[in-house]
Amino acid sequence: MNKVIGVFAHVDAGKTTLSEQLLYRAGAVRAPGRVDEKTSVLDAADVERQRGITVFSGQARFVFGGNTYYLLDTPGHADFTAEIERALRIIDFAVLVVSSAEGIQAHTETIWRMLRAAGAPVFLFLNKTDRAGADPGRVYAELRARFSPDITDMDAGFTPEVLTALAERDDEFLEAYLGGDPDEAAALAAARRLVGAGRLFPCLRGAALRGEGVDRLLRALDGLTETHYDAAAPFGGTVYRVAHDGKGSRVAFFKVLSGAVQARDSVGGEKIQELRLYQGGRYEQVQRAEAGMLCGAVAPEQKPSNGLAIASLVLGILSIIMVFVYAWVGIICAIVGIVLAVVAKKQNPSGLATAGLVLSIIALAICIISIIAVIACAGALLGTLGSM
């Protein structure tokens with residue numbers, strides 16, 4: 001099962017650190033990268049490592065519990081809210097990271113409103129519980145009061161309080177709950193339904209830098225989320241970002257919404273030359289992308305259409321003809337100028353002879369420039385013919 005998870009937070013809440021730990025705990029990387037050491041897998045752009053912040057939505061993938069996860073680490077600065085908006089179009093679930101020391105901040109509220117407007121199921125992670133002054137209990141109470149009473153502490157699993165919350169929100173589980181002690185499978189199924197419907201927001205806590213609580217978050221994401229993509233349907237997808245790689249190739253990052261697509265297929269009249277699966281700044285080529293996957297598509301180098309090429313050819317030919325005409329006009333003017341200069345010098349040795357000579361030199365210069373222009377136009381024509 002393919003799942004797309006977006007990680008969101010106010011700046012400095014530890015979002016990228018948590019994302020790196022998720023990759024590490026799932027076995028996708030050998031060691032978790034760190035922002036302060038400029039070793040982050042997800043902050044791969046030069047500007048991100050120089051400034052120590054997330055500017056673009058870095059993506060990576062990992063496998064956990066037999067499911068494949070595509071992780072998006074979004075920027076935390078309000079200046080880059082457009083990146084968040086693009087990510088909201090493609091995520092299946094979201095993880096909102098809140099610092100247990102600073103608590104709810106201005107951009108935290110903005111992100112929460114955006115997530116709810118998009119209808120995205122949300123998990124909350126109270127980070128930095130190891131920090132001096134951290135009070136996850138206070139932050140949890142504030143979240144329930146200011147964001148939603150459906151935010152539920154599931155850090156300790158299916159406690160009696162959690163079971164009560166499930167029974168209050170799910171009629172099917174309520175029957176089992178009233179009938180006696182419901183089993184964990186029924187509770188898990190009810191929680192999964194409520195999370196998917198946006199009626200329950202699991203809240204966990206930990207210290208991402210130390211890896212505390214990350215395994216619990218992984219298990220919660222794996223057990224409480226599910227997707228239903230149709231790989232047998234016709235291909236459908238959406239592009240959420242366009243960028244250029246180190247070689248200057250244009251890469252369109254897209255999500256496959258249904259069906260599948262292969263390298264060399266044509267989509268929207270444009271051929272896919274290469275399909276890539278990205279892991280931060282690195283990638284591997286694949287031949288096929290299926291529903292629920294995040295990929296990068298590279299198109300062949302663009303060439304002008306036949307219509308543009310023909311138009312360029314006609315304009316080039318006309319330009320050469322006009323340059324030739326100007327060249328001959330210049331030559332004739334030069335000859336006439338020389339003749340006038342000689343005649344003027346014999347009949348009246350005045351400044352007119354000098355002026356005629358100067359005009360002749362100017363005319364010769366025009367001729368030389370015209371010849372150079374002819375050569376340039378010919379080169380342009382050859383380039384146009386080669387691109388057809």
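I will try to describe carefully the structure that is included in this document. Since we're looking at a predicted model, the values are computed, not measured.

1. Points about the overall build of the protein chain
Moving on, step 1. Of regular secondary structure, the protein chain possesses eleven helices and 16 strands.
Moving on, step 2. Counting the 388 residues in the protein chain, one finds 46% classified as buried.
Moving on, step 3. Here the contacts in the protein chain between residues at least 6 apart in sequence split such that 68% fall between residues at least 24 apart.
Moving on, step 4. Summing over all exposed atoms, the protein chain offers an accessible surface of approximately 19,500 Å²; the carbon and sulfur share of this is 58%.

2. Overview of the sheet that holds strand 4 (residues 93-99)
Moving on, step 1. Reading across the sheet, the seven strands line up as 2-3-1-4-5-7-6 and stay open at both edges, with mixed pairing between neighbours. The strands lining the two open edges of the sheet, one partner per strand, are strand 2 (58-64) and strand 6 (151-153). In this sheet, adjacent strand axes meet at a mean angle of 25° when their direction is disregarded.
Moving on, step 2. Pairing geometry for strand 1 (residues 2-9) and strand 4, over five bridges, is parallel. Residue Phe-8 lies in a different strand from strand 4, and its bridge partner there is Leu-96.
Moving on, step 3. Across the sheet, helix 9 (residues 214-224) lies against strand 1, strand 2, strand 3 (67-73), strand 4, strand 5 (122-127) and strand 7 (201-205), angled at about 165° from strand 7, the strand it touches most.

3. Quick look at the sheet that holds strand 9 (residues 250-258)
Moving on, step 1. In spatial order, the strands read 8-9-16-13-14; together these five strands make up an open sheet with antiparallel pairing. Unpaired on one side and paired on the other, strand 8 (236-244) and strand 14 (282-286) mark the two borders of the sheet. Shown here is a sheet whose adjacent strand axes are inclined to one another by a mean of 35°, direction ignored.
Moving on, step 2. Where strand 8 lies against strand 9, eight bridges are found, and the strand directions are antiparallel. The residue bridging Ala-243 from the neighbouring strand is Val-251, located in strand 9.

4. Considerations on helix 9
Moving on, step 1. Most of helix 9 sits inside the fold, with eight of its eleven residues counted as buried.
Moving on, step 2. Residues of helix 9 that are buried: Val-214, Leu-217, Leu-218, Ala-220, Leu-221, Asp-222, Gly-223 and Leu-224.

5. Looking at the nonpolar core
Moving on, step 1. Counting 47 residues, the largest nonpolar core has Phe-8, Ile-91, Leu-96, Leu-115, Leu-124, Leu-143 and Ile-151 as the members making the most contacts within it.
Moving on, step 2. Non-local contacts of Ile-91, meaning those with residues more than four positions away in its chain, are made with Val-4, Ile-5, Gly-6, Phe-8, Leu-72, Leu-115, Ala-120 and Lys-255.
Moving on, step 3. With 39 residues, the next largest nonpolar core counts Ala-13, Leu-18, Met-154 and Val-162 among its residues.

6. What to know about the packing of aromatic side chains
Moving on, step 1. Under the criterion given, the structure shown has seven aromatic pairs.
Moving on, step 2. Both rings, one in Phe-62 and one in Tyr-69, keep their centres 5.0 Å apart while their planes meet at 10°; by these two values the pair is stacked.
Moving on, step 3. A relative accessible area of 2% means that Tyr-69 is categorised as buried.
Moving on, step 4. An angle of 50° between the planes, with centres 5.0 Å apart, marks the rings of Phe-253 and Tyr-278 as tilted. In this pair, Phe-253 sits in strand 9 while Tyr-278 sits in strand 13 (residues 274-279), placing the two residues 25 residues apart along the sequence.
Moving on, step 5. Classification of Phe-253 as buried rests on a relative accessible area of 7%.
Moving on, step 6. When the ring centre of Phe-253 is taken as origin, the NZ or CZ atom of Arg-241, which lies over that ring, is 5.2 Å away.
Moving on, step 7. A cation sits over an aromatic face here: Arg-276 above Tyr-283, 3.9 Å from the ring centre.

7. Digging into the pairing of strand 5
Two faces make up the sheet, and in a regular strand the side chains alternate between them.
Moving on, step 1. Across the six residues that make up strand 5, a large majority, six, are buried.
Moving on, step 2. Here strand 5 shows no split at all, with Val-122, Leu-124 and Leu-126 on one side and Phe-123, Phe-125 and Asn-127 on the other all buried.
Moving on, step 3. The sheet contact formed by strand 4 and strand 5 spans six bridges and is parallel. Directly across from Ala-94, in strand 5, lies its bridge partner Val-122.
Moving on, step 4. Note on the crossover from strand 4 through helix 4 (residues 106-118) to strand 5: the handedness is right-handed.
Moving on, step 5. Two strands pair when backbone bridges link them, and strand 5 and strand 7 are joined in this way by three bridges, in the parallel orientation. Looking across to strand 7, one finds that Leu-126 is bridged to Arg-205.

8. Side note on helix 5 (residues 136-146)
Owing to its 3.6 residues per turn, the α-helix aligns residues three or four sequence positions apart on the same side.
Moving on, step 1. Burial in helix 5 covers these residues: Pro-136, Val-139, Tyr-140 and Leu-143. Along the long axis of helix 5, the arc covered by the buried residues comes to 100°, so they all point the same way.

9. Considering the side chain of Asn-2
Moving on, step 1. Turning to its location among the elements, Asn-2 is positioned in strand 1.
Moving on, step 2. With a relative accessible area of 15%, Asn-2 lands in the buried category.
Moving on, step 3. From its side chain, Asn-2 meets the backbone oxygen of Ala-291 in a polar contact 2.9 Å long.
Moving on, step 4. Not counting residues up to four positions away in its chain, the partners in contact with Asn-2 are Thr-68, Tyr-70, Asp-92, Thr-227, Tyr-229, Glu-290, Ala-291, Gly-292 and Met-293.

What counts and how
- Residues numbered from 1 in each chain as written.
- Predicted model: local features only at pLDDT ≥ 70, side-chain atom pairs only at ≥ 80, totals over all residues.
- Heavy atoms only, no water.
- Helix = DSSP H or I, 4+ residues; strand = E, 2+ residues; numbered from the N terminus.
- Buried < 20%, exposed > 50% of the residue type's maximum accessible area, 1.4 Å probe, protein only.
- Contact = heavy atoms within 4.5 Å.
- Areas by Shrake-Rupley, 256 points an atom, 1.4 Å probe, with all protein chains shown as cover.
- Pairing = 2+ DSSP bridges.
- Axes fitted to C-alpha atoms, helices over the stretch in contact; angles between N-to-C directions.
- Core = buried A, V, L, I, M, F, W, Y, C linked by side-chain atoms within 4.5 Å.
- Phe/Tyr/Trp six-rings, centres within 6.5 Å; stacked < 30°, edge-to-face > 60°.
- Lys NZ or Arg CZ within 6 Å of the ring centre and 35° of its normal.
- Right-handed = clockwise from strand over helix to strand, strands pointing away.
- Arc of directions from axis to C-beta.
- Polar contact = N/O pair within 3.5 Å; in protein donor to acceptor, adjacent residues only side chain to side chain.

It is worth stressing that arrangement in space is one thing and function is another; only the former is reported here.
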